[in-house]
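This is what each chain is made of:
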Amino acid sequence: MRGHPGSSGGERIPDLRVRSHNPPCSAMSSESSKKRKPKVIRTDGGPAEGKRGKGDTDQETQTLLWRASTKLEDPSGICMVPSNPPDVRYYSEESEVDLRDPIKDYELYRETCQELQRLMAEIQELKSRGIKENASEIDERRVQSCVHFMTLKKLNRLAHIRLKKGRDQTHEAKQKVDAYHLQLQNLLYEVMHLQKEITKCLEFKSKHEEIELVSLEEFYKEAPPEISRPAITLTEPHQQTLARLDWELEQRKRLAEKYKECLTSKEKILKEIEVKKEYLSSLQPRLNSIMQASLPVQEYLFMPFDQAHKQYETARHLPPPLYVLFVQASAYGQACDKKLVVAIEGSVEEAKALYKPPEDSQDDESDSDAEEEQTTKRRRPTLGVQLDDKRKEMLKRHPLSVTLDLKCKDENMLHLTFHYLMNLNVMTVKAKVTTAVEMTTAISAGDLLSPDSLLNCLYPGDHGRKTPNPANQFQFDKVGILTLSDYVAELGHPYVWVQKLGGLHFPKDQPQHTVAADNSLSASHMELTVKLLRSRLQSRLALHKQFASLEHGVVPVSSECQQLFPTKIVSRLVKWTAIPYEDYAELPYTKDVIEAGLAEDTHLYYMALIERGTAKLQAAVVLNPGYSTLPPVFSLCLNWKGERNSSNDDNIRAMESEVNVHYKELWGPKPGYQLLTNQLQRLCMVLDVYLETEPHDPSVEGPKEFPQEKMCLRLVRGPLRLKPFKFNYPQGFFSHR
């Protein structure tokens, strides 16, 4: 750099760039260096004439020629990277750039610019005065300005170095992302290729698939280790299939050999059989003659000794409650009910095994060692498995059971199976209905013949959900059983009447662990229970037939009950469906029935819809399990010119009383299985009376919607303005009660 104006020696400011013969910067990229233009280094303190020293001119000329030939100079002049540079230069700022704070450099840049502005202003002011004494001050400020210019150059170099490093880092990151993306595409292509190969392998069908192999459990249990090879086949399905095929081949070879042996033994046995047949053939005619001679006597005296003898031999192995039931039911069937059939089912061998005394045996040392090895190999069962085993043992049934078949006059049959729970000392029953003629399916009649609800409440309050033995609760607590109702579907219902038929009685005030079966208790309840069972079956079958008609909108009325209704009833039943107890309880007009205790979750619930014109009458029906001894209960709601029920209309309450209170008039012929249909028919009748006796609204033009067709002595009576709902036969008019 040349001297400032006014300086005599043309003194030069030394170049701050460091000359080095180290290799060029590795961070510089060839692509960025090619785009950069050569830059001429200039100094700012030269004379006004623009003259330079000879040495400086030669040196700068050589530098520019070399840079132009290589075209690798960075715009910042930081690093030159030729193949064999004549003079490799390396700025010290490259090592400082990571140690310096860019924000502080920016602040230094601002301060330096402000100082330069101030110095330039002062130099301008001093020059404008034109005083020669100010030359020294101007030179001093010029030197300070040059120092600030050097600071700016250094900051410029730092900025360019930072920019270059940022570009290089971005370029490297970009290359890495491109490499990763290329790897991802390659992996995705490999995955697609592998999936195609897997699909081909899965769709491959081999001939061995047509062979029915033994199950895996039997394979590992029966196959020898040299064929099964559990250590390999359990982890490799292919080896497992090959091993199973080998075992199948081995088995077939053995079976083929065994088949040949069996054929030879069969021929020998056939020869022996032929010899014995010749002997028995001579004995058979004599035995047949004896049996034929005794059969007429047995039939005439109604004494099937052979069958009875077999039954009583089996009955010896029954537990006491089932034995009492078998004896009393058989006696009642022989004496009073010929259509009651009693039988015993189950395995006699298992029953015999229950009463065999344990055999005392002395095990050898080898047996004890083998048992010890087995116990050590077995895993100790968890607490849950132990509880499940205890529960199964607690709820274990006796192998033998007693069956009762109750036949009706129309050949319909109720099949009852009685079981005995040995550890709980209670009896259970399962029911099944067999009809002589296939019945039409009715959606609303689904629960009528269900085994869970068929025998429900045969006696009042006997739901069969809880065990009647109070001692069972303490047994349940030990094995974690909350209630017996969770196992009723599998074991059967423990009704109280079932216990009485078996001679069991459990006093609640004095619980007893062991209760003996009493024959007198069973005999005292046998006749009434059989009649209730047969009546329950007949009533449910009658309801089943009636529901099939009600679902089609037809209310069946027998000829004996035609006199209870007028000849013409306009209102018609349009809908009959079964509803759950929850839906029934949500109806606003059924709260009184629920509060009175007439609706429980064990009852059956239905919804009937009766229409006439724009009037719609909804009837919520509660059907007691004891129907027809206990009548159904109706709750009414009329949708016509608003919603009317018993809480806001006295005549609706009177209509409910016609079917709920005066139900005895609707019994019909005994045993009263037509009560429900007669109640529905009466509802249609009283709805006609209700609508026809309504006064005509003068604000509505046209004829009356429901003209009066029923003959009534008085339309209304009393302060409640009640309507005449009672039908008088044979006069055919309606009157008040």
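Keep in mind that this is a model prediction, so the values were computed, not measured.

**Concerning the side chain of Asn-472**
(1) Moving on: Following the sequence through the fold, Asn-472 ends up in helix α15 (residues 472-479).
(2) Moving on: In this view, Asn-472 contacts Leu-424, Val-426 and Thr-467; residues no more than four positions away in its chain are not counted.

**Some thoughts on the pairing of strand β8 (residues 604-612)**
(1) Moving on: Of all 9 residues in β8, 8 are buried, a share of seventy percent or more.
(2) Moving on: Pairing of strand β7 (residues 572-578) with β8, which is carried by 6 bridges, proceeds in the antiparallel orientation. Each residue of the ladder has a partner; that of Arg-572, found in β8, is Glu-611.
(3) Moving on: Strand direction decides the pairing type here: β8 and strand β9 (residues 615-623), joined by 9 bridges, are antiparallel. Paired with Ala-608 across the strands is Ala-619, a residue of β9.
(4) Moving on: Counting the residues in the hairpin turn of β8 and β9 gives 2 residues, including Gly-613, whose phi is positive at 65°.

**Describing the confidence of the model for the protein**
(1) Moving on: Within the protein, residue pLDDT values average 81, and 82% of them lie at 70 or more.
(2) Moving on: When the criterion is pLDDT under 50, residues 1-86 qualifies, and its contacts beyond four places in sequence or with other chains add up to 127 contacts.
(3) Moving on: In the predicted structure, residues 358-365 sits below a pLDDT of 50 and forms 1 contact with residues beyond four places in sequence or in another chain.

**Digging into the nonpolar core**
(1) Moving on: In this structure, Phe-547, Trp-576, Phe-634, Met-655 and Leu-683 are the most contacted members of the largest nonpolar core, which totals 50 residues.
(2) Moving on: In terms of residue count, the dominant contributor to this core is helix α22 (residues 675-692) (11 residues).
(3) Moving on: Shared between two domains, this core takes at least three residues from each, and those domains are domain 3 (313-355 + 384-536) and domain 4 (553-696 + 703-735).
(4) Moving on: Excluding anything up to four places from it in sequence, Leu-683 contacts Ile-610, Ala-619, Phe-634, Leu-636 and Val-659.
(5) Moving on: Core analysis: the second largest hydrophobic core is formed by 49 residues, Leu-322, Ala-329, Tyr-420 and Val-426 among them.

**Let's talk about the sheet that holds β9**
(1) Moving on: Across the sheet, which stays open at both edges, the 5 strands sit in the order β7-β8-β9-β10-β11 with antiparallel pairing between neighbours. Only two strands of the sheet have a single partner each, and these edge strands are β7 and β11 (643-645). Neighbour-to-neighbour, the strand axes of the sheet open up by a mean angle of 20°, direction not taken into account.
(2) Moving on: Lying on the sheet, helix α21 (residues 650-660) is in contact with β9, β10 (633-639) and β11; it crosses β10 at an angle near 150°.
(3) Moving on: Along the sheet face, α22 touches β7, β8, β9, β10 and β11 and points at about 35° away from the line of β8.

**Quick look at the pairing of β10**
(1) Moving on: The buried count for β10 comes to 6 of 7 residues, which makes it a mostly enclosed element.
(2) Moving on: Taken together, the 7 bridges between β9 and β10 define a ladder with antiparallel strand orientation. Following the sheet pairing, Ala-620 is matched in β10 by Ser-635.
(3) Moving on: Note: β10 against β11, 3 bridges, orientation antiparallel. Each residue of the ladder has a partner; that of Cys-637, found in β11, is Asn-645.
(4) Moving on: Between β10 and β11, which follow one another and run antiparallel, lie 3 residues, and Lys-641 among them has a positive phi close to 55°.

**Side note on the packing of aromatic side chains**
(1) Moving on: Taken as a whole, this structure holds 11 aromatic pairs when the rule is applied.
(2) Moving on: Considering the side-chain rings of Phe-219 and Tyr-220, the 5.0 Å spacing of their centres and the 65° angle between planes classify their relative orientation as edge-to-face.
(3) Moving on: Judged by its relative accessible area of 0%, Phe-219 falls in the buried class.
(4) Moving on: The partly exposed category is assigned to Tyr-220, whose relative accessible area is 25%.
(5) Moving on: When the centroid spacing of 5.4 Å and the interplanar angle of 50° are considered together, the rings of Phe-547 and Trp-576 count as tilted. Separated by 29 residues along the polypeptide, Phe-547 in helix α18 (residues 519-550) and Trp-576 in strand β7 bring together distant segments of the chain.
(6) Moving on: Just above the ring of Tyr-690 sits the side chain of Lys-723; from NZ or CZ to the centre is 3.9 Å.

**So, a nonpolar patch on the surface**
(1) Moving on: On the surface, a nonpolar cluster with roughly 510 Å² of combined accessible area is contributed by Tyr-279, Leu-280, Leu-283, Leu-287 and Ile-290.
(2) Moving on: Relative to the helices and strands, Ile-290 resides in helix α9 (residues 237-300).
(3) Moving on: Under the relative-accessibility criterion, Ile-290 is labelled exposed at 55%.

Conventions we followed
Residues numbered from 1 in each chain as written. Predicted model: local features only at pLDDT ≥ 70, side-chain atom pairs only at ≥ 80, totals over all residues. Heavy atoms only, no water. Helix = DSSP H or I, 4+ residues; strand = E, 2+ residues; numbered from the N terminus. Contact = heavy atoms within 4.5 Å. Buried < 20%, exposed > 50% of the residue type's maximum accessible area, 1.4 Å probe, protein only. Pairing = 2+ DSSP bridges. pLDDT = per-residue confidence, 0-100. Core = buried A, V, L, I, M, F, W, Y, C linked by side-chain atoms within 4.5 Å. Domains from an automatic or database assignment. Axes fitted to C-alpha atoms, helices over the stretch in contact; angles between N-to-C directions. Phe/Tyr/Trp six-rings, centres within 6.5 Å; stacked < 30°, edge-to-face > 60°. Lys NZ or Arg CZ within 6 Å of the ring centre and 35° of its normal. Patch = residues over 30% accessible without salt bridge, like charges linked within 9 Å, V, L, I, M, F, W, Y side chains within 5 Å. Areas by Shrake-Rupley, 256 points an atom, 1.4 Å probe, with all protein chains shown as cover. Salt bridge = Lys/Arg side-chain N within 4 Å of Asp/Glu carboxyl O.

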